[in-house]
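For reference, the chains in residue letters:
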Amino acid sequence: TYENKVSANDSNPLWFCNIGSCDVTIKNCTFKASRPIKIVEQSVAGANITITDNKFDMSLTNSADDASKPKNDAIMFSTMTSDSTLGDVVISGNEVTGANALLTFFSPSQITMAEGATFTVSGNTLNGAQLSVEWKTTTAYKPDFVTVK
């Protein structure tokens, strides 16, 4: 359960920063939030990311809400250092409600994939949300390295 008691949900429920080579798995969780979980910020050394079978209710509001700059995306792939690479990524079996999008990226994306690594998105239930957008927009954006099945 995530609850920001000081400023009702004005922050990200999970934020993975400087994970190095540590793989991250987020499975069978329920999030009720207004901002995305942030994945792979700063230093990453080929870490694998698996986000499967979660429920994201992104319908909460917060003081920073602005309809012209939506932040209620479920998962954000943030920025990495220039020498960082991301390993295999699997985003599958998740369900989103009340969300702008399942995924969001800066545009252009600031993610570099390790050689031979794949980023696969499949079998998610979007309930009216977009699959992938530019951060703080409703503009569809899917970086070239993302494969949707």
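Above this note sits the structure.
For the structure given in this document, a descriptive report is provided here.

About the cut-offs
- Residues numbered from 1 in each chain as written.
- Predicted model: local features only at pLDDT ≥ 70, side-chain atom pairs only at ≥ 80, totals over all residues.
- Heavy atoms only, no water.
- Helix = DSSP H or I, 4+ residues; strand = E, 2+ residues; numbered from the N terminus.
- Buried < 20%, exposed > 50% of the residue type's maximum accessible area, 1.4 Å probe, protein only.
- Areas by Shrake-Rupley, 256 points an atom, 1.4 Å probe, with all protein chains shown as cover.
- Pairing = 2+ DSSP bridges.
- Axes fitted to C-alpha atoms, helices over the stretch in contact; angles between N-to-C directions.
- Phe/Tyr/Trp six-rings, centres within 6.5 Å; stacked < 30°, edge-to-face > 60°.
- Core = buried A, V, L, I, M, F, W, Y, C linked by side-chain atoms within 4.5 Å.
- Contact = heavy atoms within 4.5 Å.
- Polar contact = N/O pair within 3.5 Å; in protein donor to acceptor, adjacent residues only side chain to side chain.

### A short note on the overall build of the protein chain
Helix and strand counts for the protein chain stand at zero helices and 13 strands. Counting helices and strands in the order they occur from the N terminus, the protein chain gives β-β-β-β-β-β-β-β-β-β-β-β-β. Relative to its 149 residues, the protein chain shows a buried fraction of 46%. With an accessible surface of roughly 7200 Å², the protein chain has 48% of that area assigned to carbon and sulfur atoms.

### Quick word on the sheet that holds strand E13 (residues 146-148)
An order of E2-E5-E8-E11-E13 is seen for the five strands of this open sheet, with the pairing classed as parallel. Edge strands, defined here as strands with exactly one partner in the open sheet, are strand E2 (24-27) and E13. For this sheet, the mean inter-axis angle between neighbouring strands, taken without regard to orientation, is 10°. Bridging between E2 and strand E5 (residues 45-52) involves four bridges; their strand directions are parallel. Pairing of Ile 26 across the sheet is with Ile 51, part of E5.

### Some details on the packing of aromatic side chains
Overall, the coordinates contain seven aromatic pairs when judged by the stated rule. With 6.4 Å between their ring centres and 80° between their planes, Phe 105 and Tyr 141 make a pair best called edge-to-face. Placement of Phe 105 in strand E10 (residues 101-105) and of Tyr 141 in the loop between strand E12 (130-134) and E13 is noted, with a sequence separation of 36 residues between them. In this structure Phe 105 comes out as buried when scored by relative accessible area, which is 0%. Owing to a relative accessible area of 17%, Tyr 141 belongs among the buried residues under this scheme. Each residue in the set Phe 77, Phe 105, Phe 119, Tyr 141 and Phe 145 is aromatic and connected to the rest through ring pairs, giving one cluster.

### Some points on unusual backbone geometry
Trans is the common state for peptide bonds, and a negative phi is the common state for residues other than glycine. In this chain, Ser 107 is followed by Pro 108 through a cis amide linkage whose omega measures 0°. Looking at the secondary structure, you find Pro 108 in the loop between E10 and strand E11 (119-122). Backbone geometry at Lys 136 places phi at a positive 65°, although glycine is not the residue there. Looking at the element boundaries, Lys 136 is found in the loop between E12 and E13.

### Concerning the nonpolar core
Note that soluble globular proteins tend to have their nonpolar side chains buried in a common cluster. In terms of nonpolar packing, the biggest core is built from 34 residues, with Val 40, Ile 49, Ile 75, Phe 77, Leu 86, Ile 91 and Phe 119 touching the most fellow members. Contributing elements (two or more residues each) for this core: E2, strand E4 (37-41), E5, strand E7 (75-77), strand E8 (85-92), E10 and E11. For Ile 75, the residues in contact, after removing those within four places along its chain, are Pro 36, Ile 37, Ile 39, Ile 51, Phe 56, Ile 91, Leu 102, Leu 103 and Thr 104.

### Some points on the side chain of Thr 137
Relative to the helices and strands, Thr 137 is located in the loop between E12 and E13. Looking at Thr 137, its side chain comes within polar contact range of the main-chain nitrogen of Thr 139, at 3.0 Å. Here Thr 137 is in contact with Pro 70 and Asn 100, once residues within four sequence places are set aside.

Function-wise, these values are silent; they only describe arrangement.
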